[in-house]
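Residues per chain, in single letters:
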Amino acid sequence: MHVLDVIAKKRDGGELSKEEIEFFIQGYTQDEIPDYQAAAWLMALFLQGMNDRETYDLTMAMAHSGDMLDISAMEPSSDAGEPPLVVDKHSTGGVGDKVSLVLAPLVAACGVPMAKMTGRGLGFTGGTVDKLESIPGYRTDLSVDEFKAQVRDIGIVLTGQTADLAPADRKLYALRDTTATVESIPLIVSSIMSKKLASGADAIVLDVKVGSGAFMDTMEEAEALAHGLVRLGTQADREVVALISDMNQPLGWAVGNALEVREAIDTLHGSGSQGFREHCLTVAAEILQLSGRVESLNAALTLAMETLSSGAAWQKFRELVEAQDGDVTYVDDPQKLPQASIVEPVPAPQSGYLAGVNAAEVGLAVVDLGGGREEKGEPIDHSVGVVVHHKVGDLIQEGTPLFTAHANDRETLEEARERILAAYSFSDEPVQPLPLFYRRVTSG
């Protein structure tokens, strides 16, 4: 088998065999195929597409390119009979998306193991790893052995992806990001699902964002991705549910690493943004039902609400931080978390109903402040960000605070201020609030 033949076959619209896909993935992972040939292959896939069988074979080849974890063998012992399925959650990324910080301890406190390997932010989307690193000492580089032990001991892990988990995806994603081949449904599906299958999930809940602050900015694109993910999961004998959620405005109030950790802590204490709390509870209910912990979504939602209000989810979050060497005094007293030197409320320039917020522009403004990165590996400032004070549909009076900027430099603050103001639009007529979720996609 020859590399050029595989590239040319897909370039000309042919259907790649399982053997051809495995040959290419193995060769690239082992550095036997250079980046320039892999780039040509990715562009051929991008332009010609892949059918469901090809996408499945690509996903499985990527998943098996490194370690395959069996989380079910790591679960805490229980006298309650059969343990629940291990369920993982994935978000396609957004602005102010700190859901995992609340969701993981909430679900774990309900008795369902949550062992998540998560990523850093890139561009206008934030990353859970960056948020957690706002907590001094918190380790996001656990080894596989440490990962396994922590799942077994406390039933929860939030760490970065290990070098040995789906290495093909890590290499291909970096190449896709520099070859204009990111926005391909088969490549997105295989990237997401290869990591989930390699990390040992029995069932998966997918939070597919749609809107100005998402990679999928139209409902058509979001539905295509959601259906592709569910089909792939079904082929791999996994239970999968995809929720299409709104990202036409920031999720919750805070955008920026330490600010989002504070909002997550507020939520775990029962306060914070009502919409964000409802979002977390909805996704938690899906996970609890898929796990077999409860029989219906209504019962799952009730369990999640009771667990959140009891304080058990907050205690599980503290346990997580302590287990991964974070200084729990910083979460017990969130005012100790990194704080910007300049905190400036920005008044609304006019009165009216809030008609829209370009969420991507808000995220990019936070990047400008130093709270995100344009390229992988860049350092970030955990203290900076933005706190929005209104949601679409709110009636706002001119001069009242529209948002608050947190910055460490006056020049970047002014630039971010103007960028965010330009992202807002107003209406003289009432505007309907945006829904939290649009669709629920299953294999049925």
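Residues numbered from 1 in each chain as written. Predicted model: local features only at pLDDT ≥ 70, side-chain atom pairs only at ≥ 80, totals over all residues. Heavy atoms only, no water.

Trainee: So what exactly am I meant to see when it comes to the nonpolar core here?
Mentor: Note that soluble globular proteins tend to have their nonpolar side chains buried in a common cluster. In this structure, Leu288, Phe317, Phe403 and Tyr424 are the most contacted members of the largest nonpolar core, which totals 78 residues. Broken down by element, this core gets its largest block of residues, nine residues, from helix α12 (residues 274-291). Discounting residues that sit within four places of it in the chain, Phe317 has contacts with Leu101, Pro105, Ile135, Ile265, Leu268 and Val331. (Core = buried A, V, L, I, M, F, W, Y, C linked by side-chain atoms within 4.5 Å. Buried < 20%, exposed > 50% of the residue type's maximum accessible area, 1.4 Å probe, protein only. Helix = DSSP H or I, 4+ residues; strand = E, 2+ residues; numbered from the N terminus. Contact = heavy atoms within 4.5 Å.)

Trainee: Got a minute to help me understand unusual backbone geometry in this structure?
Mentor: The bulk of non-glycine residues show a negative phi, and the bulk of peptide bonds are trans. Here the phi dihedral of Ala180 falls at roughly 60 degrees; this positive angle occurs in a residue that is not glycine. As for its placement among the helices and strands, Ala180 is situated in the loop between α8 (167-177) and α9 (185-198). Relative accessible area serves as the criterion here: at 57%, Ala180 is assigned to the exposed category. In this structure, Asp237 takes a positive phi of about 60 degrees despite not being glycine. Among the structural elements, Asp237 can be located in the loop between α10 (219-235) and β5 (239-246).

Trainee: What am I meant to see in the pattern of salt bridges here?
Mentor: Two side chains bearing opposite charge may form a pair once their charged atoms approach each other closely. Here the structure, examined in full by the defined rule, presents 27 salt bridges. Measuring nitrogen to oxygen at the nearest pair gives 2.7 Å for the salt bridge that ties Arg53 to Asp57. In this pair, Arg53 and Asp57 both sit in helix α4 (residues 52-63), four residues apart, roughly one turn of the helix. Taking the shortest distance from any N to any O, the salt bridge between Arg139 and Asp325 comes out at 3.9 Å. Of this pair, Arg139 sits in the loop between α6 (128-132) and α7 (144-154) while Asp325 sits in the loop between α14 (312-323) and α15 (329-332); the two residues are 186 residues apart in sequence, bridging distant segments of the chain. (Salt bridge = Lys/Arg side-chain N within 4 Å of Asp/Glu carboxyl O.)

Trainee: Before we go on, may I ask you to explain helix α13 (residues 297-310) in this structure?
Mentor: Since the α-helix advances by 3.6 residues per turn, residues separated by three or four positions end up pointing in the same direction. For α13, which comprises 14 residues, the first-to-last C-alpha distance of 20 Å matches the rise-based estimate of 20 Å (1.5 Å per residue) to within 8%. Looking only at α13, the buried set comprises Ala300, Leu303, Ala304, Thr307 and Leu308. All buried residues of α13 project into a common sector of 130 degrees when viewed along the axis, lining one side. Turned more than 90 degrees off the buried face of α13, the exposed positions are Asn298, Ser309 and Ser310. Considering only its buried residues, α13 is in contact with α5 (99-109), α11 (257-268), α12 and α14. (Expected span 1.5 Å × (residues − 1). Arc of directions from axis to C-beta.)

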